[in-house]
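Structural overview
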Amino acid sequence: MHIILFSTPILVLLISMECLLRKIPNDYSYKSNYLDKNSNEIEVLFLGSSHTYFGINPIYIKPKSFNAAYISQSLNYDLAIIKKYQNKWNKLKYIIVPIDYFSLYESLEIGIEKWRAKNYTIYYGINETGDYFSNFEILNTKFGDNLIRIKTYKFKNKSDLACNTLGWGTAYNSIKNKNLIETGKIAAKWHTIEIKNNLCFPKNIETINSIIKFAEKSDTKIIFITCPAYKTYVENLEQNQLSNTINSITQLTLKNSNSIYYNFLTDKSFLYRDFYDADHLNEIGAKKLTFKIDSIINKDKEHKHRTKVSFYQRNKK
C-alpha cells in the first residue's frame, strides 16, 4: 500500500511531463503533420541528413517542394518516410537523396545520436529500432533537460521548431558562421568510419535499391547528390571511404535509368561565405545549391518534353 501511495505521484508527474513534452512544437511533428496534409500535392521531395536540412530551401524551387530531411537522418529513415506516404504521392516527380561521405556507412539507430530515433517513433509512427522505449520522450532525454524544455516553452513561448514552412533548417545563419579550418578537421574525423567489414554498408545499398525500385513503380526520378563542402573538410577525408562512396552511387545510377547523380563536393562555385561550417551551408549557400537543383529539374523536364514531342511526331508520320 505504501509503495502505491509513494509511486502514484511520481507516475502522475512522469505522465504529465510526457504529455507536456509532446505538445512542444518541433521539426518532426511539423514535418509529419505537413506530409499528412500535403503529400498528395508535393512534386519534389528532399530527404537526407543535416547537409540537405540546412542546404536546401524549397522556396527557391518552382514546383511544389518540401524538405523532409533532418539532422543525422539516415537512408533507412528516408525510405521509411517514402513508404509511409506511398499511397499519397499523387504528384511526386523527383526525390532528392544526398549520398555524402558518411551516408553509406552509418545508421541513426546505432550511432551516438540514436536518441533521435524516438522522434520518428513518436511523431511519424516510424519505429526502425524495434525498441519499446523509443515511444517515450522522458526515457530518451535527461530529466533536467526535459524540465528546461517545458519551462522554456511554457514561460518563454520558445519551442523546438527550427525550420521554415517548407522544412528548411534556419539555424545555420551566416551571421553565426563557424571557423572553417577547425570545423573541417573535426567534421572529417567525425565522419570517417572503418569501412572494412562495415555492417551498415550492405544494408544502405539495399535501401538505396529499394528507393530506386519505389521510384520506378511510381514514375518518379531519383536525383542523388553529394553536397558541397569547404576545402578544409574535403582535404581531411579518408580517400578509400570517399572513393568507395562516389564509385558505389555512380555504379548504382548507371544501372538505373530513373536515377542520376551529381557530385557537388568540390564545386568551386561554393565560396567561403556560403558555409556555416566546413560541411554545412548557411542561408547564402543553401540558396545557391537549391537553384542548382531547380536547374537540374527544369532541364530534365525539358528533356522529357522534347522526347515526348519527338516520339509523337515519329509516330504521327
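In the block above lies the structure referred to throughout.
First, a word on scope: everything that follows refers to the structure included in this document.

Rules used throughout
- Residues numbered from 1 in each chain as written.
- Predicted model: local features only at pLDDT ≥ 70, side-chain atom pairs only at ≥ 80, totals over all residues.
- Heavy atoms only, no water.
- Core = buried A, V, L, I, M, F, W, Y, C linked by side-chain atoms within 4.5 Å.
- Buried < 20%, exposed > 50% of the residue type's maximum accessible area, 1.4 Å probe, protein only.
- Contact = heavy atoms within 4.5 Å.
- 1 Å grid on protein atoms, 1.4 Å probe; cavity = no way out; pocket = protein on both sides within 12 Å on 5 of 7 lines; lining within 4 Å.
- Points joined across faces, edges and corners; volume = space filled by probe spheres on them.
- Helix = DSSP H or I, 4+ residues; strand = E, 2+ residues; numbered from the N terminus.
- Nonpolar A, V, L, I, M, F, W, Y, C, P; charged D, E, K, R; others polar.
- Phe/Tyr/Trp six-rings, centres within 6.5 Å; stacked < 30°, edge-to-face > 60°.
- Lys NZ or Arg CZ within 6 Å of the ring centre and 35° of its normal.
- Salt bridge = Lys/Arg side-chain N within 4 Å of Asp/Glu carboxyl O.

Moving on: the nonpolar core. Nonpolar side chains in soluble globular proteins tend to be buried together. Of all hydrophobic cores here, the largest spans 46 residues; its most connected members are Leu35, Trp89, Ile208 and Phe224. Apart from residues lying up to four places away in sequence, Ile208 is in contact with Leu75, Ile99, Leu104, Phe224, Ile249 and Leu252. Formed by 30 residues, the second largest nonpolar core is a distinct cluster that contains Tyr94, Tyr101, Ile223 and Val234.

Once that is clear, we can look at the layout of surface pockets. Of the volumes computed, that of the largest pocket is approximately 810 Å³. Lining the largest pocket are 33 residues, with Ser72, Phe102, Glu106, Trp190 and His191 sitting closest to its centre. Contributing elements (two or more residues each) for the lining of the largest pocket: α3 (50–53), α4 (75–84) and α7 (180–191). Take the lining of the largest pocket: its biggest share by element is 5 residues, from α7. In terms of residue class, the lining of the largest pocket is built from 14 nonpolar, 13 polar and 6 charged. Quantified by volume, the second largest pocket comes out at close to 310 Å³. Looking at the second largest pocket, it is lined by 17 residues, and the ones nearest its centre are Tyr28, Tyr70, Trp115, Arg116 and Asp160.

Summary: where empty space remains is shown by rolling a probe the size of a single water molecule over the atoms. Counted by the stated rule, this structure contains 1 cavity of 30 Å³ or more. Of the volumes computed, that of the largest cavity is approximately 50 Å³. Its residues assigned to classes, the lining of the largest cavity comprises 7 nonpolar, 2 polar and 1 charged.

Attention now moves to the packing of aromatic side chains. According to the stated counting rule, one finds 19 aromatic pairs in the structure shown. With a centroid separation of 4.8 Å and 65 degrees between ring planes, the pair formed by Tyr53 and Tyr70 is classed as edge-to-face. In this pair, Tyr53 is assigned in helix α3 and Tyr70 in the loop between β2 (65–67) and α4, connecting sequence segments 17 residues apart. In this structure, Tyr53 and Tyr70 share a single accessibility class: buried. Measuring from ring centre to ring centre gives 3.9 Å for Tyr172 and Tyr276, while their planes differ by 10 degrees; the resulting arrangement is stacked. A residue pair is termed long-range when its members are at least 10 positions apart, and Tyr172 in the loop between α6 (143–156) and α7 and Tyr276 in strand β6 (residues 275–277) qualify at 104 residues. Taken together, the ring pairs in this structure connect Tyr28, Tyr53, Phe54, Tyr70, Tyr77, Tyr120, Tyr124, Tyr172 and Tyr276 into an aromatic cluster. The ring of Phe270 carries Lys288 above its face, with NZ or CZ at 5.7 Å from the centroid.

Another point: the pattern of salt bridges. Side-chain pairs of opposite charge can arise where the charged atoms are in close proximity. Enumeration over the complete set of coordinates arrives at 10 salt bridges. For the salt bridge of Asp219 with Lys93, the shortest nitrogen-to-oxygen distance reads 4.0 Å. Here the residue Asp219 occupies a position in the loop between α8 (200–217) and β4 (221–226), and Lys93 occupies one in the loop between α4 and β3 (94–98), the gap between them amounting to 126 residues. On the accessibility criterion, Asp219 (55% relative accessible area) is exposed.

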